[in-house]
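# A closer look at the structure
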Amino acid sequence: MRIIIIGAGVIGTAIARELSRYETDVVLLEKTADVANGTSKANSGIIHAGYNADFNTLKGKLNVKSNPVFDKLCADLKVPFKRIGSFVVGFNEQDLKELKKKKENGEKNGLNNLEIIGRKQLISQEPNINKNAKYALYAPEAAIISPYELTIAYADNAVINGAQVVLNTEVYDLYFEDGKISGVKTNQGEIKADLVINAAGLYSDKIAGMANDEFKINPRKGEYHLFDKEYGDIVNHILFPMPAKNSKGILVLPTVHGNILIGPNAYDTNDKDELSTTNKGLDEILKGARRLIPEIPEKGIITSFSGLRAALDSGDFHIDFSKNKGGLINIIGIQSPGLSSTPAISEMVVQMVKDYSNSEKYNLKLKKDFKQENPKLPHYYEYEEKEKVDEWQKIVKENEDYGEIICRCEHVSRGEIIDAINSPVPAQTIDGIKRRTRASSGRCQAGFCGPRLLKILSDQLDIDPLQVSKKGSGSQILKARSKQLILEKTKQDKKAGDQ
Amino acid sequence: MEEHDIICTGCPKGCRVTVTVEKDEITDIKGFECPTGKEYAINEYKNPTRILPTTVRVKEGEFPLVPVKTAKPIPKSLLLEAMKVIAEKEVIAPIKIGDTVIENILDTSVNIVATRNIEKK
Amino acid sequence: MKNYKIIVIGAGPAGLAAALQASKDGIDDILVLERDKYMGGILPQCIHNGFGLEYFDQELTGPEYADKFIKDIDKNNIKVLTETMVLNINQDKIITALNKSNGVLKMKANTIILAMGCRERTRENIQIPGDRPAGILSAGTAQRYTNIEGFIPGKEVIILGSGDIGLIMARRMKLEGANVKAVLEIMPFSSGLVRNKVQCLDDFDIPLKLKHTITRIEGKKRLKRVEISKVDKDFNLVEGTQKWIDCDTLLLSVGLIPENELSKAMNLKLHPVTGGVYVNENRETELKGVYACGNVLHVHDLVDWVSEEAEIAGRSAAEYLNGNQEKRNQPIKITPEKNVTYTVPQKIEYKFKDKKFIKIFLRVEKPMENVKIVFSHNEKSILSYDKKIVMPGEMVTVNLPAALIKNDMEEIKLSIVEKVGEKNGRT
Ligand SMILES: Cc1cc2nc3c(=O)[nH]c(=O)nc-3n(C[C@H](O)[C@H](O)[C@H](O)COP(=O)(O)OP(=O)(O)OC[C@H]3O[C@@H](n4cnc5c(N)ncnc54)[C@H](O)[C@@H]3O)c2cc1C
Ligand SMILES: Cc1cc2nc3c(=O)[nH]c(=O)nc-3n(C[C@H](O)[C@H](O)[C@H](O)COP(=O)(O)OP(=O)(O)OC[C@H]3O[C@@H](n4cnc5c(N)ncnc54)[C@H](O)[C@@H]3O)c2cc1C
Ligand code: SF4
């Protein structure tokens, strides 16, 4: 049985990995040049505890169910993950009431170590917090993760277990036989399928529409700013303000790699590719963040980005079979806490796949040799963090490429970059390398390592340096070889002269 | 009568020196604040020249380019023309600093010389 | 653990000159660590002429200037390890470095000379909003591609920042056949040398737009266009002046930042204006036996001053090792005042012995003409130099004669004032 998954975000890749446990043909199609190129690369990276959503909603249930799974999952998949806990910060008695309500809701959802703490305790945990903060709801289960590394790791594990990830392949139509799915049409041709899973994120409404299932996603943009590691110790936990109408408000949190992240704001947009950042947004986010941590510096931002929430009017996730056609599962409206819910979402979808395959007389059998774990690749920065740099020696002795530092800011070696290019879902762009190794994600933003990464990519992939791109076709870094523009011009002039 | 505005590069002041010319003869120079400026403006009017620093492509070298320059200043008006000649050229490593890479560029009797050692790969 | 008398971090002009000077002063056990494949630091990619007029009295290109030092390094048998990245230094002067052939290297040094140079400010440092496409790079990175790697990063180019690097790259891209559409500068004046403005822009009719900046970037994959806007004297955007310019490449030349990660690892404090560490007249940092020179200490516009400063550091390291230094009873602070943004050094700590003067580097906040650079003590002028013009983009160097410095002094102030009774302002 062939199962096609459309969209290699965290949802599509998680499902691909779960399905790769079975003896079946799994094909994951992604229109961009890499996995984790959509919303899954640009979000807060929080594994929520689960006190927010109502337990009667699908997202509430799936979130709470998923949260405890992450420790083992991340250990298996070698994804950076830290259970640092979160505070929702209140300033007055009204806020306290709200916090109590949240706590109650959380308890209904089965979270039993939520705690409301007072100012003194808050300050001892977060010395830089606004001095006017009075209360906080503490959720020890809340955690931080690198969302794109999770997505990449899911995809890598799926490939290790036999799934195929096909990049640069955009689905533009579905086709059916006798009311049942029989394949997808893509810019690379048609691909047959017995079952299709629509995990196209912001575009999942469009894919559903191909089966006449009507949905409307209202993209809502959120901008972020990331600070230099130098400021990494100004907060220790995830800090939420009291929630706003459309979002959880502007947060301040550390990332798993020791930077500080602030954002997001929330703006409705019609354009699903509109990921620019604005000055207005920056001001708003700085202001919001400073309500929590007044000392957020003006300098020190090393990068800015934005993500689009794929919101449905219902506000909840929609995970169900197509109402109109057989063999199509629609996964739509996976906004926050989508990332936090991936284990339960993929489990649920796999159950649906099993039900469908039984009804269609396909018999899904578990593989005997499923590999639960991704291999552990060496990263110099981890040795540095653990103050075990001397042990890196062994690694360099085995392969000298680990002895050449390519990214000066994040201390990434040539060996690590080559590993990324040779990984199950290979890095093929500068951004792909960045997400897998951190090279070029530091304060100089590729100023130093850019030319070096370009050379390694062109050598390893055996492509012309002019073809190396930032994020796939059309985003090539270089325009010409030395003297090429002059020679071309001379030739043109000659031709014009001859005529 | 023509007037030519020339910015003196003698010091950070960057005086705007106006050279007035009648029938190819300089009749007046104004705007300089020191003798350097006057001299500079006369030269720059009569014969503006520049050193041209650029690169030449290299085969079999540790780097694909060797930096070069004109050994002496050449007329400013020839800079882009000279680039066309330089663009055609390719040299084979090794190259020593000071080596002549192109002789007598555009009949100026000025050579293009290497400004760095490039070893063989 | 192997021990060296001097370990120099960085084989740019600063590191090389410091090592050479120490070697000339009799220190034989010197190691220079350099992360790049070659020596010379940034110079091999600065292929333009304009180097060495002060130091060699001769106009050289960057690679030629570097070559003079590299030759001497070889002649003096100074040990240089290239392709070796220093990753950490601690307060006990233990250095951790990494390279292919040795792997993790741990070494101890009696003295360390920091000469790591600087890095360029990025788009984020100046907060330009918009998309994040390919085609936006720092001028120095573009320079490396164009002059070392053999590639041209763009065809339709806009340059933001009119410092020397921006100006030089405008000409460089133009000579390589690109169309350089404009150089934008937010200040009302170019911070580059007049010579560079004339020879890099005017010669090729490349427009320089003063009081302009980029306010938005557009392009999903590759850069498509930028929005430029005029700014008023407080750098606020002037509404209605926004204009879009099509381009595929934006080069940023918006300033340099001393590369002080290693200094921070040693817990050295950074100066808020220079971005470098604090030093005394020997270019010695707050940690005894650790020196800093070149762009890692403060950004220089002329490499010639880098070489001079490095020689001070190299000589001082040798003196330290030879036990040939004696502290003053009290240090003398050097304080920047009127129109002086900073001075290097920030204090005088040692007795002079046979030194005739100390060299002081400073920068000004705003351009001024017909000025006096005044040293004062207890509100009284002790020395002054006349200068025709001072500009923020050009570092000023002055010598303070040893004879003027008295044992009981605590603070010397430096200020720049108008020369009275003479005309001021441009004509
Ligand atoms: C601002 C913001 C903050 C958030 N913070 C959190 C948080 O802290 N915690 C949390 O749990 N969740 C958070 N979320 C939600 C979380 O990021 C999403 O739920 C999750 O990333 C959704 O993943 P996805 O796979 O559905 O979508 P995506 O990552 O967008 O993946 C969809 C993929 O489908 C591809 N695609 C689309 N159309 C086609 C086609 N026709 N053919 C082939 N491929 C196609 C796209 O290119 C894309 O790669 C946040 C979201 C936003 C926007
Ligand atoms: C584009 C440009 C144009 C210029 N034009 C001129 C000009 O026309 N005239 C002029 O006089 N001056 C010019 N300058 C200035 C001059 O080049 C610099 O002032 C000078 O190179 C600074 O020397 P430095 O040794 O301090 O730094 P650098 O030359 O930057 O050298 C620092 C060295 O340290 C190494 N390093 C850093 N960190 C480590 C580490 N952790 N481990 C090992 N090695 C490390 C680096 O690789 C580098 O080789 C220009 C500079 C630039 C960038
Ligand atoms: S004329 Fe004299 S003062 Fe004016 S710019 Fe030239 S050198 Fe400077």
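Below: a short report on this structure. Quick caveat: nothing in here was measured; it's all calculated off a predicted structure.

Thresholds, definitions, all that
- Residues numbered from 1 in each chain as written.
- Chains lettered and ligands numbered in written order.
- Predicted model: local features only at pLDDT ≥ 70, side-chain atom pairs only at ≥ 80, totals over all residues.
- Heavy atoms only, no water.
- Pairing = 2+ DSSP bridges.
- Helix = DSSP H or I, 4+ residues; strand = E, 2+ residues; numbered from the N terminus.
- Axes fitted to C-alpha atoms, helices over the stretch in contact; angles between N-to-C directions.
- Contact = heavy atoms within 4.5 Å.
- Buried area = accessible area lost by both parts, 1.4 Å probe.
- Salt bridge = Lys/Arg side-chain N within 4 Å of Asp/Glu carboxyl O.
- Polar contact = N/O pair within 3.5 Å; in protein donor to acceptor, adjacent residues only side chain to side chain.
- Near = heavy atom within 4 Å.
- Areas by Shrake-Rupley, 256 points an atom, 1.4 Å probe, with all protein chains shown as cover.
- Nonpolar A, V, L, I, M, F, W, Y, C, P; charged D, E, K, R; others polar.
- 1 Å grid on protein atoms, 1.4 Å probe; cavity = no way out; pocket = protein on both sides within 12 Å on 5 of 7 lines; lining within 4 Å.
- Points joined across faces, edges and corners; volume = space filled by probe spheres on them.
- Phe/Tyr/Trp six-rings, centres within 6.5 Å; stacked < 30°, edge-to-face > 60°.
- Buried < 20%, exposed > 50% of the residue type's maximum accessible area, 1.4 Å probe, protein only.
- Core = buried A, V, L, I, M, F, W, Y, C linked by side-chain atoms within 4.5 Å.
- Expected span 1.5 Å × (residues − 1).

## A word on the sheet that holds strand β16 (residues 225–230) of chain C
Residue and element names in this part refer to chain C. Taken in spatial order, the three strands line up as β15-β16-β17 in an open sheet, and their pairing is antiparallel. Since the sheet does not close on itself, it has two edges, and those belong to β15 (212–218) and β17 (243–246), each with one partner. Between one strand axis and the next, the sheet turns by 35 degrees as a mean value, whatever way the strands run.

## Concerning the sheet that holds strand β3 (residues 46–47) of chain A
Residues and elements named next belong to chain A. Within the open sheet, the three strands sit side by side as β3-β8-β4. Their pairing is antiparallel. Both outer strands of the open sheet, β3 and β4 (81–82), are each paired with one neighbouring strand and no more. As paired elements, β3 and strand β8 (residues 143–145) share two bridges and run antiparallel to each other. Residue pairing for β8: Ile46 is matched across the bridge by Ile144.

## Quick look at the interface of chain A and chain B
Between chain A and chain B, the residue contacts involve six residues of the former and 10 residues of the latter. Three residues, Lys483, Ile486 and Leu487 of chain A, lead the burial of chain A against chain B; their summed loss comes to 69% of the area buried on that side. In this assembly, chain A and chain B are joined by zero salt bridges. Counting across the chain A and chain B interface gives one residue pair in polar contact (both at pLDDT 80 or more).

## What to know about the site of ligand 2
Residue and element names in this part refer to chain C. Within the structure, ligand 2 sits among 31 residues, and Ala14, Glu34, Ile42, Asn295 and Val303 are positioned closest to it. His48 has a polar side-chain atom sitting 3.0 Å from an oxygen atom of ligand 2. Contact distances for ligand 2 include 3.3 Å between a nitrogen atom and a backbone N or O atom of Gly50. When ligand 2 is considered free in solution it has 1000 Å² of accessible area, and contact with the protein chains removes 93% of it. Taken together, the elements giving at least two residues each to the shell around ligand 2 come down to α1 (13–24), β3 (49–51), β6 (85–89) and α8 (303–321). The greatest single-element share of the shell around ligand 2, amounting to three residues, is contributed by α8. Counted by class, the shell around ligand 2 contains 16 nonpolar, 11 polar and four charged residues.

## Describing the layout of surface pockets
A volume near 990 Å³ is recorded for the second largest pocket. Breaking the lining of the second largest pocket down by element, the ones donating at least two residues are β22 (405–407), α14 (450–461) and α15 (484–498) of chain A, β5 (53–59) of chain B together with α4 (139–149) of chain C. Considering each element in turn, the lining of the second largest pocket owes the most residues, seven residues, to α14 of chain A. By residue class, the composition of the lining of the second largest pocket is 17 nonpolar, six polar and 20 charged.

## Concerning the packing of aromatic side chains
In total, this model carries 16 aromatic pairs over all chains according to the counting rule given. Between Tyr65 of chain C and Phe69 of chain C, the ring centres sit 5.4 Å apart and the planes meet at 35 degrees, which makes this aromatic pair tilted. On the criterion of helical spacing, the pair formed by Tyr65 of chain C and Phe69 of chain C is a turn pair, its members being four residues apart in helix α2 (residues 62–75). Summarising the burial analysis for this pair, Tyr65 of chain C and Phe69 of chain C share the class buried. Members of the aromatic cluster, connected to one another through ring pairs, are Tyr380, Tyr383, Trp392 and Tyr402 of chain A.

## Description of the nonpolar core
Membership of the largest hydrophobic core comes to 84 residues, with the highest contact counts inside it found for Trp392 and Ile417 of chain A together with Val66 of chain B. Sequence-distant contacts of Trp392 of chain A, that is, excluding residues within four places in its chain, are made with Pro378, His379, Tyr380, Tyr383, Tyr402, Ser413 and Glu416 of chain A together with Leu98 and Val104 of chain C. Among the nonpolar cores identified, the runner-up in size contains 50 residues, and Ile5, Leu28, Val353 and Leu364 of chain A belong to it.

## Section: the interface of chain A and chain C
Facing the 60 residues of chain A at the interface are 47 residues of chain C. Counting the contacts that link chain A with chain C gives nine salt bridges. Here Lys100 of chain C and Asp401 of chain A are joined by a salt bridge, their closest N and O atoms 3.8 Å apart. At the boundary of chain A and chain C, one finds 23 residue pairs in polar contact (both at pLDDT 80 or more). Elements that contribute at least two residues to the side of chain A that touches chain C include exactly α8 (279–292), β19 (301–311), α10 (380–385), α11 (392–398), α14, β24 (480–481) and α15 of chain A. When residues of the side of chain A that touches chain C are assigned to their parent elements, the largest contribution, five residues, is made by α14 of chain A. When the residues that make up the side of chain A that touches chain C are grouped by side-chain class, the tally is 22 nonpolar, 18 polar and 20 charged. Examined bridge by bridge, β24 of chain A and strand β11 (residues 151–152) of chain C share two bridges and lie antiparallel to one another. Bridge pairing in β11 of chain C places Ala480 of chain A opposite Ile152 of chain C.

## Let's talk about α1 of chain C
Residues and elements named next belong to chain C. Between its terminal C-alpha atoms α1 stretches 16 Å, which fits the 16 Å expected from 12 residues at 1.5 Å a residue. Within α1, 11 of the 12 residues are buried, leaving the element largely enclosed by the surrounding structure. In the segment just after α1, Gly26 is the residue with positive phi, at about 100 degrees.

Read these as spatial facts, not as claims about activity.
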